Amino acid sequence: MTDSTPRVALVTGGSRGIGRATVRALARDGFHVAFCYRSDDTAARTLEKEGDDFGVTITGTRVDVADAAAVRAWIETTEQRLGALDAVVTAAGITRDNPLVLMDDDQWRQVIDTNLDGVYHVCRAAVFGMMKRRSGAVVNISSVAGVYGHATQANYSASKAGIIGFSRALAKETGRAGIRVNAVAPGFIDTDMVAEMNDKARKEAVAAIPLRRMGTAEEVADLVAYLVSDRAAYITGAVLQIDGGITI
Ligand code: NAP
């Protein structure tokens, strides 16, 4: 397959932030894109219309990635409508921050169910077909919190560390079938997810970043678009940090 062949990509959490920027970047690169989201129908419909700008189909479906049956049905319908999946990007994610001693079971469960089980559900449903076709690329969005841990985010850090182990295991399982699986670990990226930070916390965060700014969703999306492209044909099992140097 060459980069000029029409291809099909699946993106979770595509209605906002990094997922939305990824939908746009993949559409720009010639993919038909199916994305899912949890609640924001208006954002989804607006994004779908952008497919016309790129001459591809962008289609959004309300699917909770924590719901295995809903994910399976969504992927089946997508493949019937757009064709077999060439690329899968799991960007759906949530935070429920609290110091561990104050964390309640719901905060733990919701984050693990969405961030980690969600990745399992999507890959479980999508990867077997890719293996049969002996081609495909998966990018799972982790976080620097999954590499180094982040105070008040034991739940989130555990889910994002889980994604790294999951991605590396899957890369080993599927490499000989021609599938590449990578994880991207962003630092602070200016999306709704970090919009809740107060001014003081934001200033402190930026001061700790050597490049002295937060990243943009588009910068992460460009890395994802590179990883699913043939230009990254020899990259698998990698955890690529995109963090302005905050972890140096
Ligand atoms: P965001 O702006 O809050 O957007 C999250 C997206 O995920 C939305 O489209 C949301 O849909 C969707 N979503 C949430 N729960 C879902 C569920 N259960 N099922 C399906 N879709 C769901 O987040 P973001 O900042 O772009 O983050 C994207 C990914 O990057 C996440 O995995 C996050 O952990 C990771 N990340 C972000 C940062 C950062 O600084 N922003 C840093 C490191 C890693 P609705 O709008 O419909 O709810």
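Details of the structure are given in the entry above.
The structure contained in this document is the topic of the report that follows. (Residues numbered from 1 in each chain as written. Predicted model: local features only at pLDDT ≥ 70, side-chain atom pairs only at ≥ 80, totals over all residues. Heavy atoms only, no water.)

Brief notes about the layout of surface pockets
In this approach a probe as big as a water molecule rolls over the atoms, and the regions it shows empty are the leftover space. Here is the rule we go by: Two kinds of site are reported from a 1 Å grid over the protein atoms alone, namely cavities, where a 1.4 Å probe fits but cannot get out, and pockets, open sets with protein on both sides within 12 Å along at least five of seven lines, and residues are called lining when an atom falls within 4 Å of a point. Grid points are joined across faces, edges and corners, and a volume is the space filled by probe spheres set on the points.
What the second largest pocket holds in volume is close to 260 Å³. Taken together, 15 residues line the second largest pocket, and the ones lying closest to its centre are Ser135, Gly136, Arg180, Val228 and Asp230.

Topic: the environment of Ala158
Cut-off, in case you're wondering: Secondary structure is summarised from DSSP: a helix means a run of H or I of at least four residues, a strand means a run of E of at least two, and numbering begins at the N terminus for each. In this analysis, two residues are considered to be in contact whenever any of their non-hydrogen atoms come within 4.5 Å of each other.
Relative to the helices and strands, Ala158 is located in helix α7 (residues 154-174). In this structure, the C-alpha to C-alpha distance between Ala158 and Gly215, residues 57 residues apart in sequence, is 23 Å. Beyond its immediate stretch of four places on either side in the chain, Ala158 contacts Trp108, Ile112 and Gln153.

Quick word on the side chain of Ser167
Our working rule: A 3.5 Å cut-off defines polar contacts: any pair of N or O atoms within that distance qualifies, except that in protein one atom must be a possible hydrogen donor and the other a possible acceptor, and neighbouring residues in sequence count only when both atoms are side-chain atoms.
On the secondary structure map, Ser167 appears in helix α7. A distance of 3.0 Å separates a polar atom in the side chain of Ser167 from a polar atom in the side chain of Asn140. In this structure, Ser167 is in contact with Asn140, Val181, Asn182 and Ala183, ignoring residues within four places of it in sequence.

Looking at α7
Rule in force here: Take the number of residues in a helix, subtract one, and multiply by 1.5 Å to get its expected span.
Counted at 1.5 Å a residue, the expected span for α7 with its 21 residues is 30 Å, and the 30 Å between its end C-alpha atoms agrees. Here the buried face of α7 lies against α5 (105-133), β5 (136-141), α6 (144-148), β6 (179-186), α8 (192-195) and β7 (239-242).

Some remarks on helix α2 (residues 41-49)
What counts is decided by this rule: Relative accessibility under 20% of the residue-type maximum defines a buried residue, over 50% an exposed one, and the middle range a partly exposed one, all with a 1.4 Å probe and only protein chains included. In this context, the arc is that of the directions from the helix axis out to the C-beta atoms.
Every buried residue of α2 is accounted for by Ala43, Ala44 and Leu47. The buried residues of α2 occupy one face: seen down the axis, they fall within an arc of 100°. The exposed residues of α2 that point more than 90 degrees off its buried face are Thr42 and Lys49. Looking at the buried residues of α2, the elements they touch are α1 (17-28), β2 (31-37), α3 (51-54) and β3 (58-62).

A few points about the packing of aromatic side chains
Put simply, the rule is: A pair of aromatic rings is counted whenever rings of Phe, Tyr or Trp (Trp by its six-membered ring) have centres within 6.5 Å, and the orientation is called stacked for planes under 30 degrees apart, edge-to-face for over 60 and tilted otherwise. We count a charge as sitting over a ring when the NZ of a lysine or the CZ of an arginine lies within 6 Å of the ring centre and within 35 degrees of the ring normal.
For the coordinates displayed, the defined rule picks out 1 aromatic pair. Aromatic pair Phe35 and Tyr37: ring centres 6.1 Å apart, planes at 45°, arrangement tilted. On the basis of relative accessibility, which here comes to 0%, the residue Phe35 falls in the buried class. For the cation-ring pair, Arg7 lies above Phe31, with the distance from its terminal atom to the ring centre recorded as 4.1 Å.

So, the sheet that holds β5
Inclusion rule: Note on pairing: DSSP must find at least two bridges between two strands before they are called paired. Axis lines are fitted to C-alpha atoms, over the contacting stretch for helices. Their N-to-C directions set the angle, which ranges from 0 to 180 degrees.
The strand order across the open sheet built from 7 strands is β3-β2-β1-β4-β5-β6-β7, with neighbouring strands paired in parallel fashion. Looking along the sheet, the strands with just one partner apiece sit at the ends: β3 and β7. This sheet shows a mean twist of 20° between the axes of neighbouring strands, independent of strand direction. Contacting β1 (7-12), β2 and β3, helix α4 (residues 68-82) runs over the sheet at an angle of about 155° to β2. Of the strands in this sheet, β5, β6 and β7 touch α7, which is tilted by about 160° from β6.

A few points about empty space enclosed by the protein
Applied cut-off: Only Asp, Glu, Lys and Arg are considered charged in this grouping, and only Ala, Val, Leu, Ile, Met, Phe, Trp, Tyr, Cys and Pro are considered nonpolar; every other residue, Gly among them, is considered polar.
Considering all chains together, one arrives at 1 cavity of 30 Å³ or more under this definition. Space inside the largest cavity adds up to approximately 40 Å³. If you trace the largest cavity, you find it lined by Thr12, Val65, Thr90, Ala92, Thr114, Asn115, Gly118, Val119 and Val122. Looking at which element gives the most residues to the lining of the largest cavity, the answer is α5, with 5 residues. Within the lining of the largest cavity, the residues separate by chemical class into 4 nonpolar, 5 polar and no charged.

What about the pairing of strand β4 (residues 87-90)?
This is how it is decided: By the criterion used throughout, a crossover qualifies as right-handed when its path from the first strand across the helix to the second strand runs clockwise, the strands pointing away from the viewer.
Burial along β4 is two-sided: the residues Ala87 and Val89 and Val88 and Thr90 are all buried. Across 4 bridges, β1 lies against β4 in parallel orientation. Directly across from Ala9, in β4, lies its bridge partner Ala87. Here β4 runs beside β5; their pairing, made up of 4 bridges, is parallel. Note on β5: the bridge partner recorded for Val88 is Val138. Each parallel crossover has a hand, and for β4 linked through α5 to β5 it is right-handed.

None of this, on its own, says anything about what the molecule does.
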